[in-house]
Amino acid sequence: MATQEGTSTVDDGVIDRFDLTKGLVLQEFGYDEDVDSALRVAIEERTGEALVDEDYGDVTDGALVWFRDGDDDLTDLLMDVQSLMDDGGAVWLFTPKAGTSGHVPPRDVQEAASVAGLHSTITFVVGEGWSCTRLVDKGWQK
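Reading the values: the criteria
- Sequence order sets the numbering: in each chain, residues are counted from 1 along the sequence as written.
- Side-chain atom pairs in this predicted model are given and counted only at pLDDT of 80 or more, local residue features only at pLDDT of at least 70, and totals for whole chains, interfaces and linings cover all residues.
- Based on all heavy atoms of the structure, the side-chain values leave hydrogens and waters out of the count.
- DSSP bridges decide pairing: two strands pair if at least two such bridges lie between them.
- Numbering of helices and strands runs from the N terminus, with a helix taken as a DSSP run of H or I at least four residues long and a strand as a DSSP run of E at least two residues long.
- Note on definitions: angles span 0 to 180 degrees between N-to-C directions of axes, and those axes are lines fitted to C-alpha atoms, for helices only across the stretch in contact.
- Residues are treated as being in contact if the distance between any of their heavy atoms lies within 4.5 Å.
- Using a 1.4 Å probe on the protein chains alone, a residue whose accessible area is under 20% of its type maximum counts as buried, one over 50% counts as exposed, and one in between counts as partly exposed.
- For a crossover, the right-handed case is the one in which the path from the first strand over the helix to the second runs clockwise, viewed with the strands pointing away from the viewer.

Once that is clear, we can look at the sheet that holds strand 3 (residues 85–96). The strand order across the open sheet built from five strands is 1-2-3-5-4, with neighbouring strands paired in mixed fashion. Looking along the sheet, the strands with just one partner apiece sit at the ends: strand 1 (26–29) and strand 4 (118–126). Mean inter-strand twist for the sheet, computed between neighbouring axes without regard to direction, equals 20°. Sheet topology note: the strand 3/strand 5 (residues 130–137) ladder contains six bridges and is antiparallel. Its bridge partner lying in strand 5, Leu-93 is registered against Thr-133. Where helix 3 (residues 74–82) meets the sheet, it contacts strand 1, strand 2 (60–66), strand 3, strand 4 and strand 5, and its direction lies at approximately 145° from that of strand 3.

Okay, structure coming up:
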């Protein structure tokens, strides 16, 4: 839902799909001016923790990765992201929706995830311009 100021809110049903709990420390990669600010705020509100940036020096519970076509190598980024996470942590990979600038084809996401030892569990639309794919370790079981 857009407001007059151009910001948006995130529907509780969308934020519920992230399966977040209080106290999770999430590290953010690929932040730029085009990210969904309302989504970031909703995630921080749900966890009760501020997102930490790429330079955070401790283990995290998961990662938010904003990735656009033309950014560096996705496979390398996903491998780097995993090295900083606690076992069982998830990666929420945000890519521009189909038909928008910077869109990353699903097959590219699947290939990069597979090579990095991850697999997707769900993909859904968030906000007006982003899709989210949840990636977990191939050995992960819910």
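Back to the write-up after that little detour.
For strand 3, the buried fraction is high: nine of the 12 residues fall into the buried class. Note: strand 2 against strand 3, six bridges, orientation parallel. Across the sheet, residue Thr-60 finds its bridge partner in strand 3, namely Met-85. Crossover strand 2 to strand 3 through helix 3 is right-handed.

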